[in-house]
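Structural overview
The chain contents come next:
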Amino acid sequence: MKYFKFLLPATLLLNSLAFAQSKVKNFTPGAIWPDNKGVHINAHGGGILFKNGTYYWFGEHKIAGGAGNKAMIGVHCYSSKDLYNWKDQGISLSVSEDPENDIAKGCILERPKVVYNAKTKKYVMWFHLELNGQSYKAARTGVAISDKVTGPYAFIKSYRPNAGFMPFYPEGTPESDKVNCEQPKNKSEGFFCRDLPGGQMARDMNLFVDDDGKAYHIFSAEENFTLDVAELNADYTGHTGKYSRVYAGHQTEAPALFKHNGIYYMIGSGTTGWAPNPARWFTAKSIYGPWTYHGNPCIGKGAEITFGGQSTYVLPVSGKKDAFIFIADKWAPKDAIDGRYLWLPITFKGNDIEINWLDSWDLKIFN
Ligand code: GAL
């Protein structure tokens, strides 16, 4: 017994030393990705904020086993200067020990994303929240803020957005796409009208800050039938009531937005829980749409299941032209902590995009 007590910490120490010395020099999608302590990065469903020359990766901290599909710890943060080597910055937002709290330990807290508000000088984190013990019924979004990028973040509130607000219809929206709650035309409109008084459901999500400083919350609404692209207020801590419905009735999840040459791009997935399905991409001239559906951007072996992953973020690489990284999660629901990350370069063919599988690659691909 005594022998084992000694052996285990000694092995861990040696492992950490070995990793500390061997710097990561490329991306190896789907492999174990050791942080500065030699531990596999624990930031699932994540997003990345670039600030003052440093990238900050925020994601769901998962524990081992099936229990890891619930939030037992909170949101984990890592920092990096080169995108290969990540330093553990600890937990930025902790779940609450108070069972009455919205973010009580055991809730479901997914896809956290952080943006910086230049006016308030605060870091603002949004996430998908399901209340403890209610499975995926609550479909809320939650917000937390901090003065410091790595946290600690203080939880503010959780709710369903845009209660009582009808959608904004961008120019070019066909009359047949407009909702009349006296006569919903289909299932998704039915859910929309049902939720109108209390706010729209908000599950899989992302944030996007446009060049003019306006921030948007993009989320799966209407029992995941439709995506909402919703404007956030000036301090990024609430919704304004202006939003559009995107690709209504087609069940898109895992939205990730980016902008290239003045065009808005969005990559998302279908709706098959933890199991992978084909990715889908869209473009629009205005963030509210109309959005054009273009099918699956992935090419090659495994393309029909997004190489085993599901989109979570698209990262513009700082200082490089036309350089965007598609980031997906390869979920491991039976042992959540073992979820892997798929980082792959986006290839532009004119205004079209492609995502090809690479076993290993580095940023020189963008040169
Ligand atoms: C996925 C979703 C994940 C998680 C999972 C639960 O479709 O993208 O974030 O909610 O379902 O089954």
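Read on for a plain summary of the structure. (Residues numbered from 1 in each chain as written. Predicted model: local features only at pLDDT ≥ 70, side-chain atom pairs only at ≥ 80, totals over all residues. Heavy atoms only, no water.)

The pairing of strands in a sheet comes from backbone hydrogen bonds and takes either a parallel or an antiparallel form. One open sheet holds the 4 strands; their spatial order is β5-β6-β7-β8, and the pairing between them is antiparallel. What marks the edges here is a single partner per strand, and that holds for β5 (108-117) and β8 (154-159). With strand direction ignored, the average angle separating the axes of adjacent strands in the sheet is 20°. Here strand β6 (residues 122-130) pairs with strand β7 (residues 140-146) via 7 bridges, running antiparallel. Bridge pairing in β7 links V124 to I145. (Pairing = 2+ DSSP bridges. Helix = DSSP H or I, 4+ residues; strand = E, 2+ residues; numbered from the N terminus. Axes fitted to C-alpha atoms, helices over the stretch in contact; angles between N-to-C directions.)

Right, let's get into the layout of surface pockets. Its boundaries defined by the atoms lining it, the largest pocket holds a volume of some 630 Å³. Contributing to the lining of the largest pocket are 26 residues, with I48, F208, V209, Y313 and P316 lying nearest its centre. Going through the elements one at a time, β1 (44-51), β5, β9 (205-209), β13 (253-260) and β18 (310-316) are the ones with two or more residues in the lining of the largest pocket. The element that contributes the greatest number of residues to the lining of the largest pocket is β1, accounting for 5 residues. In terms of residue class, the lining of the largest pocket is made up of 18 nonpolar, 3 polar and 5 charged. Considering the residues around the second largest pocket, the lining is formed by 23 residues, among which D177, R245, V246, Y247 and A248 are closest to the centre. Looking at the lining of the second largest pocket, the elements with two or more residues in it are α2 (187-195) and β12 (239-246). Ranked by residue count, the leading element in the lining of the second largest pocket is β12, at 3 residues. Taken together, the residues that form the lining of the second largest pocket break down as 12 nonpolar, 8 polar and 3 charged. (1 Å grid on protein atoms, 1.4 Å probe; cavity = no way out; pocket = protein on both sides within 12 Å on 5 of 7 lines; lining within 4 Å. Points joined across faces, edges and corners; volume = space filled by probe spheres on them. Nonpolar A, V, L, I, M, F, W, Y, C, P; charged D, E, K, R; others polar.)

Attention now goes to the pairing of strand β19 (residues 324-330). Counting buried residues along β19, 6 of its 7 residues qualify, which places the element largely inside the surrounding structure. Two strands pair when backbone bridges link them, and β18 and β19 are joined in this way by 6 bridges, in the antiparallel orientation. Within β19, the position partnered with S311 by the bridge is A328. Pairing of β19 with strand β20 (residues 340-349) involves 6 bridges; the strand directions are antiparallel. (Buried < 20%, exposed > 50% of the residue type's maximum accessible area, 1.4 Å probe, protein only.)

With that out of the way, let us pick up the site of the ligand. Around the ligand sit E110, R111, Y136, D204, E253, G273, W274 and Q310, and that is every residue in its neighbourhood. One nitrogen or oxygen atom from the side chain of Q310 is found 3.0 Å from an oxygen atom belonging to the ligand. Protein contacts shield 90% of the accessible area of the ligand, which totals 310 Å² for the unbound molecule. Considering only residue class, the shell around the ligand consists of 2 nonpolar, 2 polar and 4 charged. (Near = heavy atom within 4 Å. Polar contact = N/O pair within 3.5 Å; in protein donor to acceptor, adjacent residues only side chain to side chain. Areas by Shrake-Rupley, 256 points an atom, 1.4 Å probe, with all protein chains shown as cover.)

Now for the state of the cysteines. Note: disulfide means a covalent bond formed between the sulfur atoms of two cysteine side chains. The tally for this structure, following the rule as stated, stands at 1 disulfide. Bridging C181 to C193, the disulfide has an S-S length of 2.1 Å. Between C181 and C193 the sulfur-sulfur dihedral comes to about -85°; the bridge is accordingly left-handed. One end of the pair, C181, is in the loop between β8 and α2; the other, C193, is in helix α2, with 12 residues separating them in the sequence. In this structure C77 is a free cysteine whose sulfur lies 19 Å from that of C107, the closest cysteine sulfur available. Judged by its relative accessible area of 0%, C77 is buried. On the basis of relative accessibility, which here comes to 0%, the residue C107 falls in the buried class. (Disulfide = S-S within 2.5 Å.)

What follows concerns the packing of aromatic side chains. In this structure the tally under the stated criterion is 31 aromatic pairs. Ring geometry for Y247 and Y293: centres 4.9 Å apart, planes at 15°, overall stacked. Separated by 46 residues along the polypeptide, Y247 in the loop between β12 and β13 and Y293 in strand β16 (residues 292-293) bring together distant segments of the chain. On the accessibility criterion, Y247 (23% relative accessible area) is partly exposed. Classification of Y293 as partly exposed rests on a relative accessible area of 41%. Pairing Y265 with W281 gives two aromatic rings, centres 6.2 Å apart and planes at 10°, and the pair type is stacked. Linking Y265 in strand β14 (residues 263-269) with W281 in strand β15 (residues 280-284), this pair joins segments that are 16 residues apart in sequence. Of the two residues, Y265 and W281, both sit in the buried class. One aromatic cluster is present, built from ring pairs that chain together F27, W33, W57, Y78, Y84, W86, Y341, W343, W361 and F366. Residue placement shows K51 over the ring face of Y116; its charged tip is 4.2 Å from the ring centre. (Phe/Tyr/Trp six-rings, centres within 6.5 Å; stacked < 30°, edge-to-face > 60°. Lys NZ or Arg CZ within 6 Å of the ring centre and 35° of its normal.)

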